[in-house]
Amino acid sequence: MNQDHEPFSPGTSGEHATKAVYLTQGEIQAIQKALLFLKFESEETASLLYAGSPLLNSVLEKVRDVSAFGEYAKELHSRPNEHAERFICAKLERSYREELAPHERTEEQKIEILKSCMYPYPVK
């Protein structure tokens with residue numbers, strides 16, 4: 001993986017600092033596959049921490065946008081995926097039951113969590 005040797009962009013620091021990274025199409029595909037596996041195939045409820053991460057969802061969007069198959073992926077991901085939604089809902093319910101210190105969540109909060117975990121698919 002090649003990176004620019006310039007410092008972070010001026011005026012930004014921390015989580016929002018940017019730096020150019022050059023990836024091959026193979027590396028882009030590998031990142032996409034890993035993130036989609038983490039979201040929609042990993043049975044581990046601990047994976048939800050990453051599956052719903054706004055930062056990782058942003059990475060997924062960016063690598064999809066520069067992928068050789070980006071337009072196909074955008075079209076595919078524009079439609080609800082009932083199988084993925086059932087999988088995520090079941091994993092979320094297991095996660096809520098496994099909490100050592102259960103958190104009270106409103107229905108609105110649960111919907112937002114589901115939407116984050118379901119990205120890039122819309123929720124029905």
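All figures in this text were calculated on a predicted structure; none of them were measured in a lab.

What counts and what doesn't
- Residues numbered from 1 in each chain as written.
- Predicted model: local features only at pLDDT ≥ 70, side-chain atom pairs only at ≥ 80, totals over all residues.
- Heavy atoms only, no water.
- Salt bridge = Lys/Arg side-chain N within 4 Å of Asp/Glu carboxyl O.
- Buried < 20%, exposed > 50% of the residue type's maximum accessible area, 1.4 Å probe, protein only.
- Helix = DSSP H or I, 4+ residues; strand = E, 2+ residues; numbered from the N terminus.
- Expected span 1.5 Å × (residues − 1).
- Arc of directions from axis to C-beta.
- Contact = heavy atoms within 4.5 Å.
- Polar contact = N/O pair within 3.5 Å; in protein donor to acceptor, adjacent residues only side chain to side chain.
- Axes fitted to C-alpha atoms, helices over the stretch in contact; angles between N-to-C directions.
- Parallel < 35°, antiparallel > 145°, perpendicular 65-115°, else oblique.
- Left-handed = near helix turned anticlockwise from the far one by under 90°.
- Nonpolar A, V, L, I, M, F, W, Y, C, P; charged D, E, K, R; others polar.
- Core = buried A, V, L, I, M, F, W, Y, C linked by side-chain atoms within 4.5 Å.

Let us now look at the pattern of salt bridges. Overall, the coordinates contain eight salt bridges when judged by the stated rule. Ionic pairing is found between D65 and K74, a salt bridge with its closest N-O pair at 3.4 Å. The exposure class assigned to D65 is partly exposed, which follows from its relative accessible area of 40%. Owing to a relative accessible area of 31%, K74 belongs among the partly exposed residues under this scheme. The partner of E112 in a salt bridge is K115, with the nearest N and O atoms 3.8 Å apart.

Once that is clear, we can look at helix α3 (residues 54–66). The end-to-end C-alpha distance of α3 is 19 Å, a good match for the 18 Å that 13 residues give at a rise of 1.5 Å each. Taken together, the buried positions of α3 are occupied by N57, L60, V63 and R64. Projected down its long axis, α3 shows its buried positions confined to an angular sector of 130°, all on one face. Residues of α3 that are exposed and angled more than 90 degrees away from the buried face: P54, K62 and V66. Along its buried surface, α3 packs onto α1 (25–40), α2 (48–51), α4 (70–77) and α6 (107–118). Residue S53 occupies the N-cap position of α3, its side-chain oxygen lying 3.2 Å from the main-chain nitrogen of L55.

Running from N to C, helix α5 (residues 82–98) and α6 point in directions that differ by 125°, and their axes come no closer than 10 Å. Judged on the interaxial angle alone, α6 and α5 are oblique. The handedness of the crossing between α5 and α6 comes out as right-handed. Residues A84, E85, I88, C89, L92 and Y96 of α5 form the contact with α6, whose own contacting residues are K110, I113, L114, C117 and M118. Its residues assigned to classes, the contact of α5 with α6 shows nine nonpolar, no polar and two charged.

Attention now goes to the side chain of S47. With respect to the element layout, S47 can be found in the loop between α1 and α2. Using a relative accessible area of 5% as the deciding quantity, one classes S47 as buried. Separated by 2.6 Å, the side chain of S47 and the backbone oxygen of E44 make a polar contact. With sequence-adjacent residues up to four places away left out, S47 is seen in contact with L38, S42 and K91.

The next point concerns unusual backbone geometry. Of the consecutive residues Y119 and P120, the connecting peptide bond is found in the cis state with omega at 20°. In this fold, P120 is placed in the segment after α6.

Our focus in this paragraph is the nonpolar core. Grouped together as the largest cluster of nonpolar side chains are eleven residues: F40, L48, A84, F87, I88, L92, Y96, L114, C117, M118 and Y121. When contributions to this core are tallied by element, the ones reaching two or more residues are α5 and α6. A total of five residues in this core trace back to one element, the largest contributor, which is α5. The residues touching M118, leaving out its near neighbours within four places in the chain, are F40, N81, A84, E85, I88 and V123.

Don't take any of this as a statement about function, it's just geometry.
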